Structures are given as structure tokens and as C-alpha cells.
Amino acid sequence: MKFLLFTPTATDEVVALFTRVFSASEDEDEGRSIGHLVSSLIATTPADALIGCVAKEGERIVGAIFFSRLRVPNGQQAFLLSPVAVASEVQGTGVGQGLIRFGLDQLRGRETDLVFTYGDPAFYSKVGFVPVSEELVQAPYPLSQPIGWLGQSLEGNSIPVMQGRTECVPAFANSDYW
Ligand SMILES: CC(C)(COP(=O)(O)OP(=O)(O)OC[C@H]1O[C@@H](n2cnc3c(N)ncnc32)[C@H](O)[C@@H]1OP(=O)(O)O)[C@@H](O)C(=O)NCCC(=O)NCCS
């Protein structure tokens, strides 16, 4: 298994992966919706505000993740990890965790301070994320599942208290995602 940075030439393959994985894990509507989200993320996010990573088995992409810039009120450099997909056939074999660790290393190399995500704490706690209370750092939109608002400091510091909402890239600017 190789972990590499995403390049736009892989867009169709990566969109198809997200669509397939979420169709299988949720349903076809969700698969389509996540496929559209990923297309929009790639098309509308400035290059310096988006980092994608893929896992390749031979020539085939079997996992993908994206980090997009999250503006935080105290001005630290922060990214949002979302979405994440691993091909159904290789789930549960460490690809997801390996890919996220690879991505976090890429961010460390770009002087990122903080990474946030919104998902299942049982999975993301395996790669260093801890619950973030909204009194500490507000998400960009009101959260339907506040328990899923998670973060980590890449320097191992605690996450500082911040006043005011964070701001996501346009592709995530939709309250339905939160
Ligand atoms: C969630 C997902 C990215 C995990 O990747 P993966 O390669 O299967 O996970 P890994 O093999 O690296 O890690 C497996 C561990 O994570 C746990 N895990 C995997 N998927 C999980 C999930 N959806 N919720 C909670 N825990 C999960 C497993 O229990 C396992 O724990 P263990 O090592 O203690 O047994 C992948 O299963 C996936 O793409 N699922 C469908 C889409 C999805 O739910 N994306 C994430 C949205 S938040």
C-alpha cells in the first residue's frame, strides 16, 4: 500500500470511490451526495486551502481523504479533515488510519497548528482526535451531533479557547453537512 498526495488527474477515480463507498455504507442518495461534495471541494477550493491524500494498491486508489482550510478566530493555521473513504473490500485493514496519519504528517510539514473533524469519535480517537466542546471552538455551523466535533493540536498542545465561529471553505458551507 502506498500513500500519496492527491493530484487533480485522479479526480474522477476519487469521486467514484467516495460515491461507491458511501452508497454501500449508507445508501445511494448519500453516495451521490458525497460524490458531489468531493467534486465541489476539488473544483471550488483554492489550491493552497486543500490537501488530498490517496492510498494506492498497485495502480488502484483504495482510499482517499481531504483536508480543507478552516479559518479559526485566533489566526492559527487550521484544517478540517473531511471526507474520508476506504474501499469496502479493504476496510478494517488499517488503510484509513494509515492514510490519516500520512495526511497529518503532510500538514505538520506545512506548519499547521490544528486539525478538526466531524465524525465518529470511536474511529477518529485512534488517530489522535479528542472531543472539542463548542465552548472551546465553535464549528462553522450549528451541529446536529455535537459529540462528533473533534480536534487535535499537531504540536501536542491543548486546543486554546476561541471566541467566534470558525469558517469553512465554500464546499462545506451548507448547514445540512453539519
Ligand atoms: C470509516 C473508515 C474510513 C475507516 O477506515 P478503515 O480503513 O476501514 O479503518 P482502519 O482499518 O484503519 O481502522 C479500523 C478500526 O477503526 C474502527 N472503525 C472502522 N470504521 C469505523 C466506523 N465507521 N465507526 C467507528 N469505528 C470504526 C474499527 O472498529 C477498527 O477498530 P480496531 O482496530 O480497534 O478493530 C472506512 O471504514 C470507511 O470508508 N467507511 C465508510 C465511509 C465512512 O464512514 N467514512 C467516514 C465518515 S466519518
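The structure under discussion appears in the preceding block.
These lines cover the structure that appears in this document, whether it is placed above or below. Please read all numbers here as calculations on a predicted model, not as lab measurements. (Residues numbered from 1 in each chain as written. Predicted model: local features only at pLDDT ≥ 70, side-chain atom pairs only at ≥ 80, totals over all residues. Heavy atoms only, no water.)

**Things to note about the overall build of the chain**
Scanning the chain from terminus to terminus reveals four helices and seven strands. Each helix and strand of the chain, placed in order from N terminus to C terminus, yields the pattern β-α-α-β-β-β-α-β-α-β-β. For 178 residues, the compact-globule formula gives about 16 Å, and the C-alpha radius of gyration of the chain, at 15 Å, lands near that figure. For the chain, the spread of C-alpha atoms along the three principal axes comes to 45 × 30 × 30 Å. Counting over 178 residues, the chain shows a buried share of 47%. Counting only carbon and sulfur atoms, one obtains 49% of the accessible surface of the chain, whose full area is about 8700 Å². Distance between charge centres in the chain, computed from 12 positive and 20 negative side chains, equals 6 Å. (Helix = DSSP H or I, 4+ residues; strand = E, 2+ residues; numbered from the N terminus. Rg over C-alpha atoms; globule rule 2.2 N^0.38 Å. Buried < 20%, exposed > 50% of the residue type's maximum accessible area, 1.4 Å probe, protein only. Areas by Shrake-Rupley, 256 points an atom, 1.4 Å probe, with all protein chains shown as cover. Lys, Arg positive; Asp, Glu negative; His and termini not counted. Charge placed at Lys NZ, Arg CZ, Asp CG, Glu CD.)

**Some remarks on the pairing of strand 2 (residues 50-57)**
With respect to burial, strand 2 is a largely interior element, seven of its eight residues being buried. Direction of pairing for strand 2 relative to strand 3 (residues 60-69): antiparallel, over a ladder of eight bridges. The residue bridging Gly 52 from the neighbouring strand is Phe 66, located in strand 3. Counting the residues in the hairpin turn of strand 2 and strand 3 gives two residues, including Gly 58, whose phi is positive at 60°. (Pairing = 2+ DSSP bridges.)

**Topic: the site of the ligand**
Taken together, 17 residues sit near the ligand, with Gly 92, Gly 94, Gly 96, Gln 97 and Lys 126 positioned nearest. Interatomic distance of 2.8 Å between a backbone N/O atom of Gly 96 and an oxygen atom of the ligand. Here an oxygen atom of the ligand and a side-chain polar atom of Gln 97 are 2.7 Å apart. Mapped by element, the contributors of at least two residues to the shell around the ligand are helix 1 (11-25), strand 4 (78-86), helix 3 (95-108) and helix 4 (121-124). (Near = heavy atom within 4 Å. Polar contact = N/O pair within 3.5 Å; in protein donor to acceptor, adjacent residues only side chain to side chain.)

Limitation: the analysis is restricted to geometry and does not speak to function.
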